[in-house]
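Architecture and fold: a report
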Amino acid sequence: MTTLLEVGYLLSLIGDATSLYFGDGDGHNIYKVALDGGEPVVLASDAGKPEHLAQDAEHIYWTGGSATNKVYKVAKSGGEATVIAENEAGPAGIAVDAEFVYWANAGDGGVFKAPIAGGAKTLIHQGGSMAGLALRGSTLFSTDTSRNRSVNAHDLESDTTVVLALGQHFAWRIVAPEGQDVFWTNGGDYRFEGQIVAYRAP
């Protein structure tokens, strides 16, 4: 194990072929560092508490949580950060495709999308307290930590939602690799141990 750097209170991490990108909850910064280490570069400051990151070829996207109630993007090469949405309610999970940014709000239970190029947001799903998001093809997966403690699949083409699982023990992060199952974490509580769950659609 090699320590590449030590900085702040690291909340999130994502990477590409050349760099790592991470969010600092203490300094409220988004950083970039080479895969082999070195001096980190601040891509964005005043970033809130960036617990959730997404990326495409050119940009990093993140949610600032209840610290800012905003959704952002910044170029991987640096420059000014752009606010995609503001006055959100504790934005958490985030995903992106070629046209839209998707995010989940913990505070009002909404899952939304907005054009990457700018524009009004659209409600995709109304839940209770949304947490994680994962996008695979035209399906957006989400976790809901309140109400039925559910894991959901939203078909973006037909605008329909299917509940994959109910009664989860604080379903939080979710990933949906191409050609694989859907996986999520159950944080657990005083009654249940933490879990990683795999779901295979019939």
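Heads up: these notes are all about the structure in this document. In this numbering scheme, every chain counts its residues from 1 along its sequence in written order. Reporting in this predicted model follows two pLDDT cut-offs: at least 70 for local features of residues, and 80 or more for side-chain atom pairs to be given and counted; totals over whole chains, interfaces and linings ignore these cut-offs and use all residues. Only heavy atoms go into the side-chain values, all of them from the structure, while hydrogens and water stay out.

Attention shifts here to the pairing of strand S16 (residues 160-165). Sheet topology places strand S15 (residues 151-155) next to S16; five bridges connect them, and they run antiparallel. Among the inter-strand pairings, alanine 153 is bridged to a residue of S16, identified as valine 162. At least two DSSP bridges between two strands are needed for those strands to be called paired. Note on conventions: DSSP H or I runs of at least 4 residues are helices, E runs of at least 2 residues are strands, and numbering of each starts at the N terminus. In this antiparallel pair of consecutive strands, S15 and S16, the connection spans four residues, and aspartate 159 shows a positive phi of 55°.

Moving on, we get to the packing of aromatic side chains. A pair of Phe, Tyr and Trp rings is counted when the ring centres sit within 6.5 Å of each other, with Trp represented by its six-membered ring. The angle between the planes then sorts it: under 30 degrees is stacked, over 60 is edge-to-face, the rest tilted. In total, this model carries five aromatic pairs according to the counting rule given. Of note, lysine 113 hangs over the ring of phenylalanine 100, and the distance from its end group to the ring centre comes to 4.2 Å. We call a charge positioned over a ring when the NZ of a Lys or the CZ of an Arg lies within 6 Å of the ring centre and within 35 degrees of the ring normal. Across from the ring centre of phenylalanine 112, 4.1 Å away, lies the NZ or CZ of lysine 121, which sits over that ring.

Quick look at the environment of glycine 179 now. In this fold, glycine 179 is placed in the loop between strand S17 (171-175) and strand S18 (182-186). Once the C-alpha coordinates of glycine 179 and glycine 137 are considered, the two residues, 42 residues apart in sequence, prove to be 11 Å apart.

Another point: the layout of surface pockets. Think of a 1 Å grid over the protein atoms and nothing else: a 1.4 Å probe that fits but is trapped marks a cavity, an open set flanked by protein within 12 Å on at least five of seven lines marks a pocket, and residues with an atom within 4 Å of a point count as lining. Grid points are joined across faces, edges and corners, and a volume is the space filled by probe spheres set on the points. Quantified by volume, the largest pocket comes out at close to 410 Å³. Along its surface, the largest pocket is lined by 22 residues, and Leu53, Ile94, Leu133, Ile174 and Val175 are the ones closest to its centre. Looking at the lining of the largest pocket, the elements with two or more residues in it are strand S1 (10-15), strand S5 (52-55), strand S9 (91-96), strand S13 (130-136) and S17. Among the residues forming the lining of the largest pocket, the class breakdown is 15 nonpolar, five polar and two charged. One number sums up the size of the second largest pocket: a volume of about 150 Å³. Lining the second largest pocket we find Lys49, Glu51, His52, Thr63, Gly65, Ser66, Ala67, Gly90, Pro91, Ala92, Ala106 and Trp172. Classification used: nonpolar for Ala, Val, Leu, Ile, Met, Phe, Trp, Tyr, Cys and Pro, charged for Asp, Glu, Lys and Arg, polar for all others including Gly.

Note that all results are geometric; they support no functional claim without further evidence.
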